[in-house]
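Here's the letter readout for the chains.
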Amino acid sequence: MKLLIASALILVGSCTTIRHSEKINNLKNSITYKDETVVEKYMNTIKPAELRVHLEEVSSDKYNGRMTGEEGHNQVCDYIRGYYKSLSINAPESHPNYYQKVPKDVLPDNLNESQNIIAYIEGSEFPDEYVFITAHSDHEGVVDGEIYNGADDNGSGTAAVLEMAEAFKKAA
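Read on for a plain summary of the structure.

Parameters and conventions
- Residues numbered from 1 in each chain as written.
- Predicted model: local features only at pLDDT ≥ 70, side-chain atom pairs only at ≥ 80, totals over all residues.
- Heavy atoms only, no water.
- Buried < 20%, exposed > 50% of the residue type's maximum accessible area, 1.4 Å probe, protein only.
- Helix = DSSP H or I, 4+ residues; strand = E, 2+ residues; numbered from the N terminus.
- Pairing = 2+ DSSP bridges.
- Axes fitted to C-alpha atoms, helices over the stretch in contact; angles between N-to-C directions.
- Parallel < 35°, antiparallel > 145°, perpendicular 65-115°, else oblique.
- Contact = heavy atoms within 4.5 Å.
- Nonpolar A, V, L, I, M, F, W, Y, C, P; charged D, E, K, R; others polar.
- Phe/Tyr/Trp six-rings, centres within 6.5 Å; stacked < 30°, edge-to-face > 60°.
- Lys NZ or Arg CZ within 6 Å of the ring centre and 35° of its normal.
- Core = buried A, V, L, I, M, F, W, Y, C linked by side-chain atoms within 4.5 Å.
- Arc of directions from axis to C-beta.

## Looking at the pairing of strand E2 (residues 114-122)
With respect to burial, E2 is a largely interior element, 8 of its 9 residues being buried. Two strands pair when backbone bridges link them, and strand E1 (residues 99-102) and E2 are joined in this way by 4 bridges, in the antiparallel orientation. By the bridge assignment for E2, Val102 is matched with Ser114. Bridge count between E2 and strand E3 (residues 130-135): 6 bridges; the pairing is antiparallel. Among the inter-strand pairings, Ile118 is bridged to a residue of E3, identified as Thr134.

## Describing unusual backbone geometry
Backbone geometry places Asn64, a non-glycine residue, at a positive phi of 50°. Considering the arrangement of structural elements, one finds Asn64 in the loop between helix H4 (48-58) and helix H5 (71-86). On the accessibility criterion, Asn64 (43% relative accessible area) is partly exposed. Its identity as a non-glycine residue notwithstanding, Tyr98 has a phi of 75°, on the positive side. Within the element layout of this structure, Tyr98 appears in the loop between H5 and E1.

## Here's the deal with the packing of H4 against H5
Between H4 and H5, whose axes approach to 10 Å, the crossing angle comes to 150°. Considered as vectors, H4 and H5 are oriented roughly antiparallel to each other. On the side of H4, the interface is formed by His54, Glu57 and Val58, while H5 contributes Val76, Tyr79 and Tyr83. Counted by class, the contact of H4 with H5 contains 4 nonpolar, 1 polar and 1 charged residues.

## Some remarks on the packing of aromatic side chains
Within the structure shown, the criterion is met by 3 aromatic pairs. What links up through ring pairs into an aromatic cluster is the set Tyr120, Tyr130 and Phe132. The ring of Tyr99 has Lys101 lying over it, and the distance from NZ or CZ to the ring centre is 5.5 Å.

## Topic: the nonpolar core
The biggest cluster of nonpolar side chains holds 17 residues, and the ones touching the most others in it are Ile80, Tyr84, Ile89, Tyr98, Ile117 and Ile133. Elements represented by at least two residues in this core include exactly H5, E2 and helix H6 (151-171). Here this core gets 5 residues from one element, more than from any other, and that element is H5. Non-local contacts of Tyr84, meaning those with residues more than four positions away in its chain, are made with Ile89, Tyr98, Ile117, Ala119, Ile133, Val161, Leu162 and Ala165.

## With respect to H4
Given 3.6 residues to a turn, an α-helix orients residues that are three or four positions apart in the same direction. Among all positions of H4, only His54, Glu57 and Val58 are buried. Projected onto a plane normal to the axis of H4, the buried residues spread over an arc of 90° and lie on a single side. Set apart from the buried face of H4 by more than 90 degrees, the exposed residues are Pro48, Ala49 and Arg52. In the core, the buried residues of H4 are packed alongside H5 and H6.

## Comments concerning the sheet that holds E2
Taken together, the 3 strands give an open sheet; going across it, the order is E1-E2-E3, and neighbouring strands pair in antiparallel fashion. Pairing within the sheet leaves two strands with one partner each, and these edge strands are E1 and E3. In this sheet, adjacent strand axes meet at a mean angle of 25° when their direction is disregarded. Along the sheet, H5 contacts E1, E2 and E3; its crossing angle with E2, the most-contacted strand, is approximately 10°.

Here it is, written out as structure tokens:
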């Protein structure tokens, strides 16, 4: 009898919980703008051709799959850092070289110390508010002699973050 009651409560509870997709839609529908044309202006600075350039760069064979803590990943981090510098997107004082270190002891045994890139954009209308930009850009490296470029798995995400950073910088 206890099992039946618990099962019924779980069933009722799961039916009353808003699904994740509904939560996302509710959130999207709740966002309002003073002037949507401003949002569209900066959103339209994100161009498929520019996304492709970044994607092809970070998923290039020359980086050997961007294995965590390996030279290829370090080079991609330099590419990202250089891109931010070219846009005058700053490094935070806490990470003046843009490198957010990830120590070896928090990574699986077979991985070396690594880093992410962190940058920020200061608000123009509200200069005490900031947009921080960071993400991981590493991938699986070379497995059994095959380069795992990671174009779908975070290569595309890295390209998107770079283009969004540019849009936010233009809007600031």
